[in-house]
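Overview (structure and organization)
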Amino acid sequence: MGHDYSIFEDLNFEVYFTVTFCDDFKLRDFDLITRLNSQDDNLFLVNMRGIKDKIINTIKNSIFLNIYEYYHLKNAMDFIKEKFADKKILLFVDSPQCQDRHWKELFSEITCSFKPNIVHNSEDIAGIQFADVLAGTMENILEKVDKNSNLNSFEKKVVLNFSQGNGKIDKIFLNNPQIVMWDEKYEPLVMKINELIDKIQNEN
């Protein structure tokens, strides 16, 4: 049935989305995983238990963190530095899947000036709860765009934060939503998003 988020429509907020499509990760051929899968199952016996799947899943999580999450974070940090250079930023990271030290290592590699506040009880932080609402709204928007379905008023408000085709290769992170691990197959979706932005702007 979904949720009615119209109570948030009067809030003044800006939002930036970075998007990963699950199939992009699932279908990508990582040589390390391919090689492990090709090994005899007996190599993965520990205390008479087969742990091949556990090892491969651990490696998949590490690959996702160090490639996909890295670029999610880097794009977001670049966006914040570009758009809010004169603002004091308080940054919260909801960390349900990765260890704190792994997040801190990512921030260190990106060499950004933000100090992340890593949160384990996200229900205590209103901003993270609102971010969850926005993430769900983004998922609904992408699904509706793909099906050419009508958006509700709150979804339209979120779309007014979108911006595509920001041109220069060194400013590609300004595209909102930012599709991480871009592929040409996403171009039709971006065209639909641009059409939607124009339509909603013309309505207002």
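Quick summary incoming for the structure in this document. (Residues numbered from 1 in each chain as written. Predicted model: local features only at pLDDT ≥ 70, side-chain atom pairs only at ≥ 80, totals over all residues. Heavy atoms only, no water.)

Examining helix H7 (residues 187–203)
Between the first and last C-alpha of H7 there are 25 Å, a value that for 17 residues agrees with the 24 Å anticipated at 1.5 Å per step. Within H7, the full set of buried residues consists of Leu189, Val190, Ile193, Leu196, Ile197 and Ile200. Burial along H7 is one-sided: seen end-on, the buried residues are contained in an arc of 115 degrees. Among the exposed residues of H7, those pointing more than 90 degrees away from its buried face are Glu195 and Asn202. The elements touched by buried residues of H7 are helix H5 (126–147), helix H6 (153–159) and strand S6 (178–179). (Helix = DSSP H or I, 4+ residues; strand = E, 2+ residues; numbered from the N terminus. Expected span 1.5 Å × (residues − 1). Buried < 20%, exposed > 50% of the residue type's maximum accessible area, 1.4 Å probe, protein only. Arc of directions from axis to C-beta. Contact = heavy atoms within 4.5 Å.)

Let's talk about the packing of H5 against H7
Running from amino to carboxyl end, H5 crosses H7 at an angle of 100 degrees, the nearest separation of the two axes being 10 Å. Comparing their axes, H7 and H5 come out roughly perpendicular. Touching Ile141, Leu142, Val145 and Asp146 of H5 are Leu189, Lys192, Ile193 and Leu196, all from H7. When grouped by side-chain class, the residues that make up the contact of H5 with H7 number 6 nonpolar, no polar and 2 charged. (Axes fitted to C-alpha atoms, helices over the stretch in contact; angles between N-to-C directions. Parallel < 35°, antiparallel > 145°, perpendicular 65-115°, else oblique. Nonpolar A, V, L, I, M, F, W, Y, C, P; charged D, E, K, R; others polar.)

Re unusual backbone geometry
The step from Asn176 to Pro177 runs through a cis peptide bond, and the omega angle for that step is 5 degrees. Tracing the chain through its elements places Pro177 in the loop between H6 and S6. Within the chain, Asn47 stands out as a residue other than glycine whose phi angle is a positive 55 degrees. The backbone of Met181 sits at a positive phi, close to 60 degrees, despite the residue not being glycine. Looking at the element boundaries, Met181 is found in the loop between S6 and H7.

Examining the packing of aromatic side chains
For the structure shown, the criterion picks out 16 aromatic pairs. The interplanar angle of 50 degrees and the centroid separation of 6.2 Å between the aromatic rings of Phe8 and Phe154 together place this pair among those described as tilted. In this pair, Phe8 sits in the segment before strand S1 (18–19) while Phe154 sits in helix H6, placing the two residues 146 residues apart along the sequence. When the ring of Phe25 is compared with that of Tyr68, the centres are 5.3 Å apart and the planes differ by 85 degrees; the resulting orientation is edge-to-face. Separated by 43 residues along the polypeptide, Phe25 in helix H1 (residues 22–27) and Tyr68 in helix H3 (residues 52–83) bring together distant segments of the chain. On the accessibility criterion, Phe25 (16% relative accessible area) is buried. Taken together, the aromatic side chains of Tyr5, Phe8, Phe13, Phe130 and Phe154 make up a single cluster linked through ring pairs. (Phe/Tyr/Trp six-rings, centres within 6.5 Å; stacked < 30°, edge-to-face > 60°.)

Notes on the side chain of Asn176
Position of Asn176 relative to the elements: it lies in the loop between H6 and S6. The class for Asn176 is buried, based on a relative accessible area of 2%. A distance of 2.9 Å separates the side chain of Asn176 from the backbone oxygen of Asn161, its partner in a polar contact. (Polar contact = N/O pair within 3.5 Å; in protein donor to acceptor, adjacent residues only side chain to side chain.)

Details of the pattern of salt bridges
If you walk through the whole model with that rule in mind, you get 9 salt bridges. Asp41 is the partner of Lys52 in a salt bridge, and the nearest nitrogen-oxygen pair spans 3.0 Å. You can see Lys52 sitting in helix H3 and its partner Asp41 sitting in the loop between helix H2 (31–37) and strand S2 (45–46), a full 11 residues away along the chain. What makes Lys52 buried here is its relative accessible area of 12%. (Salt bridge = Lys/Arg side-chain N within 4 Å of Asp/Glu carboxyl O.)

Let's talk about H5
Over its 22 residues, H5 runs 32 Å from end to end, which matches the ideal 32 Å to within 8%, given 1.5 Å per residue. Every buried residue of H5 is accounted for by Ile128, Phe130, Val133, Leu134, Thr137, Met138, Ile141, Leu142 and Val145. The inward-facing, buried residues of H5 abut S1, strand S4 (92–94), strand S5 (117–119), H6 and H7. Positive backbone phi, approximately 55 degrees, marks Asn148, located one or two places after H5.

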